[in-house]
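Residue-level structure breakdown
For reference, the chains in residue letters:
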Amino acid sequence: MKCRTKTAKQKKAPPKGEKIMAKRVFIIVLDSFGIGEMPDAARFGDVGSNTLGAIVKSPKYHTPTLQKLGLFNIEGVVCGRRAEAPLASFARLEEVSNGKDTTTGHWEIAGVESEKALPVYPNGFPDEVIAEFERRTGRRVLCNKPYSGTDVIRDYGEEHMKTGALIVYTSADSVFQVAANEAVVPVPELYRYCEIAREMLTGDHNVGRVIARPFVGTNAKDFKRTTNRHDLSLKPPRKTMLDYIRAAGLDTIGVGKIYDIFDGEGVSEKLKTTGNANGMEVTLELAQRGFSGLAFVNLVDFDMVYGHRNNRKGYAEAATTFDRQLGTFMERMRDDDILMITADHGCDPGFPGTDHTREHTPFLVYGKSIREDVNLGTRESFADIAATILDIFN
């Protein structure tokens, strides 16, 4: 396996010698599954963060498949039980991009490193941004603070239903989120308001994503977010591995929020999911389906449902469920399939606050054509993944 520190944006002929060829590569991103603080964690206020270290302590954590692949053999991982003969090649990845959010993490995995951090709003959006949004939508705005998505509808949902005002909030991510009850603001109308926000938020306010957050219910006790979430993302600033693979006539299948993260650029097929377990069910179905190219999978519940809510037990249970489904997936892999498992940032559920954490991420690569028990050390960029995948597809 050739994992080079040359990133996908640096065009260089592949090295001579034996090459690994595959018809299908599956890359599964465990959203927020960090494995310990990065050297610059202090700059982000994340010294001591370790998502894997936090969830391993839970009695609900049990990941024998990841253990056999070599998760606990990765450089710097001091928790868990090391495998005597890992089935995969493995590495620790460092993020080059100036951030710790979903967008920059996924873009870097796909070969685009971001020098400038996307804007975040720890004190809410400026008055002029909110005033312009109110003017264009014709609706007043509630909240305008960083908030948990479940807490914000509990605290502002009833006022929203009485007044029709839109609930606008943000998080540690570069996001402008708009929540509305589907009985008050129909989903297509909410999407239109988010399109207005996306058109507005440019220049210094070019947030990574504008997110529609519909919910249902009649009062604070029974409000519940629906699966009609919709993300409007920035387009990557240049071509990613998805563009190059698709241009070569191969499939690029985005599972979960991959399509949204890349604003559809380079994605030939979009498969929606309703959570981690469903995301893996879709991926299991893909394993039995004929296609040639890349399946790019995001499992968002680790981050959205557990990491941001400091739910260590839930995170551990989700990892256990994923591990069981992963074992089934590996049984269904074809001889020329390659599986890669990684993450986009951390979100330590045992760390103070509910923000993402600046952590290393794991990299496990497995398949019949991949050498077992190869320690690839610490890689200097998530973009090594893109460089490797582009090499695999020649």
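Structural data are supplied above this passage.
One structure accompanies this document, and this report is about it. (Residues numbered from 1 in each chain as written. Predicted model: local features only at pLDDT ≥ 70, side-chain atom pairs only at ≥ 80, totals over all residues. Heavy atoms only, no water.)

1. Some words on the overall build of the protein chain
Along the protein chain, the regular secondary structure elements total 12 helices and 14 strands. Its C-alpha atoms give the protein chain a radius of gyration of 21 Å, within 12% of the compact-globule value 21 Å for 394 residues. In terms of overall dimensions, the protein chain has C-alpha extents of about 65 × 45 × 40 Å along its principal axes. Here the protein chain, with 394 residues, has 59% of them falling under the buried criterion. Here the analysis covers contacts within the protein chain between residues at least 6 apart in sequence; of these, 71% occur between residues at least 24 apart. When the accessible area of the protein chain is evaluated, it comes to approximately 16,100 Å², of which 47% is carbon and sulfur surface. Taken as two groups, the 52 positive and 54 negative side-chain charges of the protein chain have centres that lie 2 Å from each other. (Helix = DSSP H or I, 4+ residues; strand = E, 2+ residues; numbered from the N terminus. Rg over C-alpha atoms; globule rule 2.2 N^0.38 Å. Buried < 20%, exposed > 50% of the residue type's maximum accessible area, 1.4 Å probe, protein only. Contact = heavy atoms within 4.5 Å. Areas by Shrake-Rupley, 256 points an atom, 1.4 Å probe, with all protein chains shown as cover. Lys, Arg positive; Asp, Glu negative; His and termini not counted. Charge placed at Lys NZ, Arg CZ, Asp CG, Glu CD.)

2. Topic: the sheet that holds strand β9 (residues 251-255)
With mixed pairing, the eight strands of this open sheet are ordered in space as β10-β9-β11-β1-β12-β13-β2-β14. Pairing within the sheet leaves two strands with one partner each, and these edge strands are β10 (269-271) and β14 (374-379). Neighbouring strand axes in the sheet, compared pairwise and without regard to direction, differ in orientation by 15 degrees on average. The pairing of strand β2 (residues 89-93) with strand β13 (residues 361-366) spans five bridges and is antiparallel. Residue pairing in the sheet places S89 in a bridge with V365 of β13. Relative to strand β1 (residues 24-30), helix α9 (residues 276-287) is tilted by about 175 degrees, and along the sheet it contacts β1, β9, β10 and β11 (293-299). Against the sheet, helix α11 (residues 312-332) contacts β1, β11, β12 (337-342) and β13, and its axis sits at roughly 165 degrees relative to β12. (Pairing = 2+ DSSP bridges. Axes fitted to C-alpha atoms, helices over the stretch in contact; angles between N-to-C directions.)

3. Description of the packing of helix α4 (residues 127-137) against helix α6 (residues 187-200)
In contact at an axis separation of 10 Å, α4 and α6 are set at 135 degrees when each is read in the N-to-C sense. Classed by the angle they form, the pair α4 and α6 counts as oblique. Seen along the crossing, α4 lies across α6 with a hand that is right-handed. Where α4 abuts α6, its residues V129, E132, F133, R136 and T137 lie against Y193, I196, A197, E199 and M200. Looking at the contact of α4 with α6, its residues break down into six nonpolar, one polar and three charged. (Parallel < 35°, antiparallel > 145°, perpendicular 65-115°, else oblique. Left-handed = near helix turned anticlockwise from the far one by under 90°. Nonpolar A, V, L, I, M, F, W, Y, C, P; charged D, E, K, R; others polar.)

4. Description of helix α12 (residues 384-392)
Taken across its nine residues, α12 has eight buried, putting it largely inside the fold. Among the residues of α12, D384, I385, A386, A387, T388, I389, D391 and I392 are the ones counted as buried. After α12 finishes, the residue N394 shows a positive phi value of roughly 60 degrees.

5. Focus on unusual backbone geometry
The backbone of C143 shows a phi angle near 80 degrees, a positive value even though the residue is not glycine. Along the chain, the position of C143 falls in strand β3 (residues 141-146). The backbone phi angle of N310 is positive, close to 50 degrees, even though this residue is not glycine. Tracing the chain through its elements places N310 in the loop between α10 (301-307) and α11. Its relative accessible area of 32% is what places N310 among the partly exposed residues.

6. Digging into the pairing of β9
Two faces belong to every sheet, and in a regular strand the side chains alternate between them. Burial analysis of β9 places four of its five residues in the buried class, the great majority of the element. Pairing between β9 and β10: three bridges, direction parallel. In the sheet register, G254 faces β10, and the bridge partner there is K270.

7. Overview of the environment of P186
With respect to the helices and strands, P186 occurs in the loop between β5 (175-181) and α6. Judged by relative accessible area, which is 39%, P186 ranks as partly exposed. Placed 100 residues apart in sequence, P186 and L286 show a C-alpha to C-alpha distance of 33 Å.

8. So, the packing of α9 against α11
Taken N-terminus to C-terminus, the directions of α9 and α11 make an angle of 5 degrees; their axes are 10 Å apart at the nearest point. The orientation of α9 relative to α11 falls into the category roughly parallel. Contacts between α9 and α11 pair N276, A277, M280, E281, T283, L284 and A287 from the former with A318, F322, Q325, L326, T328, F329 and R332 from the latter. In terms of residue class, the contact of α9 with α11 is built from eight nonpolar, four polar and two charged.

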